[in-house]
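Residues per chain, in single letters:
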Amino acid sequence: MTHIVHPILLCGGSGTRLWPLSRKSYPKQFAKLMGAYSLFQSSAERMIGQGFAPPVLLTGSDFRFVVTEQLAAVEISPAEILIEPEGKNTAPAILAAALSLAERAPEALMLVAPSDHVIPDAEAFRSAVQAATPAAQAGQLVTFGIHPDRAETGYGWLEIDGALAEELDATPQPLKRFVEKPDKPTAEAMLADGQHLWNAGIFLFSVKAIIAAFETHAPEMLMQVRTALEEAEKDLGFTRLAPDAWAQVDNISIDYAVMEKADNLSVMPYSGAWSDLGGWDAVWRESGPDEAGVVTSNSATAIDCHDTLLRAEDPRQHLVGIGLQDIIAVAMPDAVLVAHKDRAQDVKEAVAALKKKGAAQAETLPRDYRPWGWFESLVSGSRFQVKRIVVHPGAALSLQSHHHRSEHWIVVEGTAKVTIGEDVQLVSENQSVYIPLGTVHRMENPGKIPMVLIEVQTGSYVGEDDIIRYEDVYARGQGAKG
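Before going into details, it helps to say that this report is about the structure given with it. From a predicted model like this one, the values you see are computed outputs, not experimental measurements.

In this section: the overall build of the protein chain. Helices and strands together make up the secondary structure of the protein chain, namely 11 helices and 28 strands. Its C-alpha radius of gyration of 24 Å places the protein chain within 12% of the 23 Å reference for a compact globule of 482 residues. Along the first, second and third principal axes, the C-alpha atoms of the protein chain reach 75 × 60 × 40 Å. Within the protein chain, the fraction of its 482 residues that count as buried is 52%. At a minimum sequence separation of 6, the contacts of the protein chain that also span at least 24 residues come to 69%.

Right, dumping it as C-alpha cells:
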C-alpha cells in the first residue's frame, strides 16, 4: 500500500445486548470474548503495519486508561486519544477525528471502524482496504459491505447499483441506497437477488471528502464539533473535547447525518468472515459450535444439549446444562442470563428492566477497573465492605481521605508502599495496616509484579463517592472515578 491510512477506532459503545458480560461500566469491546485478546485489541492489531499510521481513538472518560493499558499490552502506541464528554453516536465522533487529523495530515485517508467487530482474516481485510484506496483518493466515501450468507434481520443492508463484479472483492461498487434492518421476508429477498450486502459500519475516505460532506449536509454539526475541538483541553496524553460545545451536537449516526444524503458513495465488498457480535447468538455462531451445535466455556459442561451456548465467566463457578435446546446461558458472579437463542436480540430489554428496578447489575460489573488496576467487592453489609484490590507494578492510588469509613489493609501478594498521614512504610505479604477515619493515605506498588491486598472497610457509609483526592497521578479530579 503506497498511501498511509489513518485508522480511527470508535471505542465508546455500551454493548447491552451482550449483558451480563458487557455492561456500561466495562463494555464488550474490552472483554476477551473470542480468544486471548479483547475485541478492541484485535481491532487495533488489524490496522497496524505497512501502510497504516498509528490509530486515533475516540472513547469516554471512564475508559481512557483502559484503552491505553490494552494497547500497551499489544505494543501499539496511539497517535491521539480524543475523549468524548458524552456519547453522541458515530457522526460527531468521526467528524472530530477528521478535524483533528486535518490539522496535521490534511491529505490523509481515514479508515473508520468500530472496535468490537470480529474479522478473523486480518490480511484479507487489509487487502480490501488497499483495493478501496484508489476510490477514496478520488473523493469517494467508501463504506464496506459484507457478502451475506443468511437472511439476517439484525443488520442494516446496502443495495449495490447494478450487479456485483465477478470477482467479489475486486473493486468498490456504486451504492444505490441504504436499507434499514429488514423483516425476515425482505431479508430473504435481498439475500436471493445478489445485489445486497450487509452494512459493516466501516468506512474509508479522505479527510477533505468527509469534511466537505459535513459542510454540505450537516453544517451546524461541523461548526459545533469544530468549536469542541478548538476549545478542547489536554489532559495527560488525552484530548478532552469541550463539554459545552459537545452538548449541543446531535446524537446521530454517520449514515443518517451524511452518508444517506451524499452522492459520492461507493461500497467495497468483503467476502471474508465478519461479525459485529451484536448478540449472544452471534457469539455462539462465531465460537464454532461442535457437532451438536454446542459451545461451552472452560467452566461450563453440557450434557445432552443441542444448539446451545453455556458460558461461566468466573473460574470459581461452574455452569451445567442438561437436555437444553436452543438456549443461551451466561453466568457471572452477580447475574445470570438464560434465554432462548431466538430472543438474543431482546437482552437489552432485560437491561432496561433491571435499570427500572434500580439494580446495580444493569450497568456495573462486580470488578471495577481503574487506571492503577482493579478491585472487586467480596462481601458487604450495612456498615462494612470487604474488597480485593489489585495494583499494577509501578502504579499508585490517589492521596485521599474518607468522611465516613476507616480501612484495614492486608497484603496477600507483593509489597505495598503505604502512606498514612506523615508516615510512609513498606507492607509485605501477611502484614497489615490500619487507616483511621479521616486520615490522609495512599497505596502504591513499588514492585515488579501485581500487588494484591484485602481491604476491610467499616463505617456509616462505604460508597465509592466517599473520597477526597489531594494528589493523583492520573488527574482524575474528585468523584468516584473522576
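All right, on to the packing of helix 6 (residues 207–217) against helix 7 (residues 219–230) then. Relative to each other, helix 6 and helix 7 sit at 120 degrees, their axes nearing to 5 Å. Classified by the angle their axes make, helix 6 and helix 7 are oblique. Judged by residue contacts, Ile211, Phe214, Glu215, Thr216 and His217 of helix 6 engage Pro219, Met221 and Leu222 from helix 7. For the contact of helix 6 with helix 7, the per-class residue count stands at five nonpolar, two polar and one charged.

Attention shifts here to the sheet that holds strand 22 (residues 405–413). Pairing within the open sheet is antiparallel, and its six strands lie in the order 18-19-20-27-22-25. A single partner strand is all that each edge strand has here, and the edge strands are strand 18 (367–370) and strand 25 (432–435). When strand polarity is set aside, the average angle formed by the axes of neighbouring strands in this sheet is 20 degrees. Note: strand 20 (residues 384–391) against strand 27 (residues 451–459), eight bridges, orientation antiparallel. The partner of Ile389 across the bridge, within strand 27, is Leu453.

What counts and what doesn't
- Residues numbered from 1 in each chain as written.
- Predicted model: local features only at pLDDT ≥ 70, side-chain atom pairs only at ≥ 80, totals over all residues.
- Heavy atoms only, no water.
- Helix = DSSP H or I, 4+ residues; strand = E, 2+ residues; numbered from the N terminus.
- Rg over C-alpha atoms; globule rule 2.2 N^0.38 Å.
- Buried < 20%, exposed > 50% of the residue type's maximum accessible area, 1.4 Å probe, protein only.
- Contact = heavy atoms within 4.5 Å.
- Axes fitted to C-alpha atoms, helices over the stretch in contact; angles between N-to-C directions.
- Parallel < 35°, antiparallel > 145°, perpendicular 65-115°, else oblique.
- Nonpolar A, V, L, I, M, F, W, Y, C, P; charged D, E, K, R; others polar.
- Pairing = 2+ DSSP bridges.

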